[in-house]
Amino acid sequence: MTIQDIYPAALRLLGRPVLVVGGGAVAARRAKGLLDAGARVTLVAPEAGAGVRELADAGLLAWKARPYRPGDADGAWFIQTATGDPAVDAQVAADAEAQRIWCVNASDHEASAAWTPAVAVVDDVKIAINAGGDPRRAMALRDAVATALDTGDLPLRRGRAGTGSVALVGGGPGDPGLITVRGRRLLGQADVVVADRLGPRQLLDELAPDVRVVEVGKTPGHHPVPQAEINRILVAEALAGHRVVRLKGGDPYVLGRGGEEAEYCRQHGVDVELVPGVTSAVSVPAAAGIPVTHRGLARGFSVVTGHEELAEVPARADHTVVLLMGVGRLRESAATLAAAGLPAATPVGIVENGYLPNQRVTIGTLGTIADQAEAAGVANPAVVVIGDVVRVSPYAPPHFKTADYSTTSPNTPRVPAP
């Protein structure tokens, strides 16, 4: 038998009787697959392993604890042999051939009337691969295709209209490699993408030509598409039967108004899924080598978007403050923290365009950073980090280093190194 002799087809076995002959691990695996397809499974074997016994004890299949008899094939729609005995398997196959029943002969794939493919399921797509009778090759190919579907390298998008839905996908700080596997897969299935100006914009270039991209990006103080209109777009597109991905930068639930969008979708009967993202509050500082917590320097951190909230956060160098969208009011924010008691010498780092080719890091102190940022022309998107953790950054000047910022002596008083 050659691969040209194979006509691929999918069997619908729901409620139909099938026969498995054999009681070992292969028989158990094949029986499980048939049960998953909804078949009524009868298994014939004088002895059975643990896998078959578990299925029989659970009442999922009927086990006849005896050798195969020719009459066992009567009435079956499909037969799978897995005895490990070529003579028995050949007899079962011959009986099936005489009754025009499709049979997989596990002992002789060349003589088998049917082959069992390597199968994987990704969402509502079932992958079945034959590889010239080589099961290991088939499994390797199956795994490669499933992985490509999982990661979005192969399209999962439906060609026919179905029930609409919305996925709120956190795209991370902008590097396309930092979106989650789930988010990348949903993006590959989308009919409509409602996109922010931040996040992995390069991925939009990889969408199919007929995928519509609706731009709703905001900049500080400039919201050309109001949030209410974004909510309306999401619901309207989903109710039209489209798969909608709301592609955001960072994480939808970290200062991303994802909660509002999810609530609006649910109020209008639209299925909504939340896919977390790598929030820029943590990842962008990391791009500059700044941990938001570090043993011996900081055990907690606060994330805020404006100087109004700063009066309520701990004004200590050992509690990290992360400012998002804070460049425009940086001078006022620094003054607020200083008035609350934070020393002027507290380190401050600003990371612009984290993880992107034009990333830039500016490091100073609470007392100097506003002037430095103004002189350098610092602009959003940027994340501001305030606290002793900035000392750890490889971009920090040598005099910022302390004798105890490593984890070896976390309780030593923080004093500048000589």
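## Considerations on the pairing of strand E13 (residues 300–304)
No. 1: By the alternation rule, side chains of E13 split into Gly300, Ser302 and Val304, which are all buried, and Phe301 and Val303, of which none is buried.
No. 2: Bridge analysis of E13 against strand E14 (residues 319–324) gives five bridges, and the strand direction is parallel. Residue Val303 lies in a different strand from E14, and its bridge partner there is Val322.

## Quick word on the confidence of the model for the chain
No. 1: Summarising the model, the chain shows a mean pLDDT of 88, and 91% of its residues fall at 70 or more.
No. 2: Segment residues 407–418 is flagged for pLDDT under 50; beyond a separation of four residues in sequence, or across chains, it makes 18 contacts in the model.

## Here's the deal with the pattern of salt bridges
No. 1: Within the structure shown, the criterion is met by 16 salt bridges.
No. 2: A salt bridge links Glu273 to Arg182; its shortest N-O distance comes to 2.9 Å. Remark: Arg182 occurs in helix H5 (residues 181–189) and Glu273 occurs in strand E12 (residues 272–275); sequence separation between them is 91 residues.
No. 3: A residue is classified by how much of its surface remains accessible, and Glu273, at 29% relative accessible area, is partly exposed.
No. 4: For Lys248, the salt bridge is made with Glu261, and the minimal N-O distance between the two is 3.2 Å. Of this pair, Lys248 sits in strand E11 (residues 243–248) while Glu261 sits in helix H7 (residues 258–267), placing them 13 residues apart in sequence.
No. 5: For Lys248, a relative accessible area of 2% corresponds to the buried category.

## Things to note about the sheet that holds strand E16 (residues 360–365)
No. 1: Read from one edge to the other, the open sheet built from five strands follows the order E13-E14-E17-E15-E16, with strand pairing classed as mixed. Edge positions in the sheet fall to E13 and E16, since each has one partner strand and no second. Neighbour-to-neighbour, the strand axes of the sheet open up by a mean angle of 20°, direction not taken into account.
No. 2: Two strands pair when backbone bridges link them, and strand E15 (residues 347–352) and strand E17 (residues 382–386) are joined in this way by five bridges, in the antiparallel orientation. The residue bridging Glu352 from the neighbouring strand is Ala382, located in E17.

What counts and how
- The residue numbers shown here count from 1 along each chain, following its written sequence.
- Under the rules for a predicted model, residues below a pLDDT of 70 receive no local features and side-chain atom pairs below 80 are neither given nor counted, while totals for whole chains, interfaces and linings still include all residues.
- With hydrogens and water set aside, each side-chain value is computed from the structure's full complement of heavy atoms.
- Throughout this description, buried means an accessible area under 20% of the type-specific maximum (1.4 Å probe, protein chains only), exposed means over 50%, and partly exposed covers the range between.
- The way it works is that DSSP assigns letters per residue, a run of H or I at least four long becomes a helix, a run of E at least two long becomes a strand, and they are numbered from the N terminus.
- Following DSSP output, two strands are said to pair if at least two bridges run between them.
- Every residue is assigned a pLDDT by the predictor, reflecting its confidence on a scale from 0 to 100.
- Contacts between residues were defined by any pair of non-hydrogen atoms, one from each residue, lying within 4.5 Å.
- Here, a salt bridge means any Lys or Arg side-chain nitrogen found within 4 Å of an Asp or Glu carboxyl oxygen.
- Here an axis means a line fitted to C-alpha atoms, over the contact stretch when the element is a helix, while the angle between two N-to-C directions is reported on a 0 to 180 degree scale.

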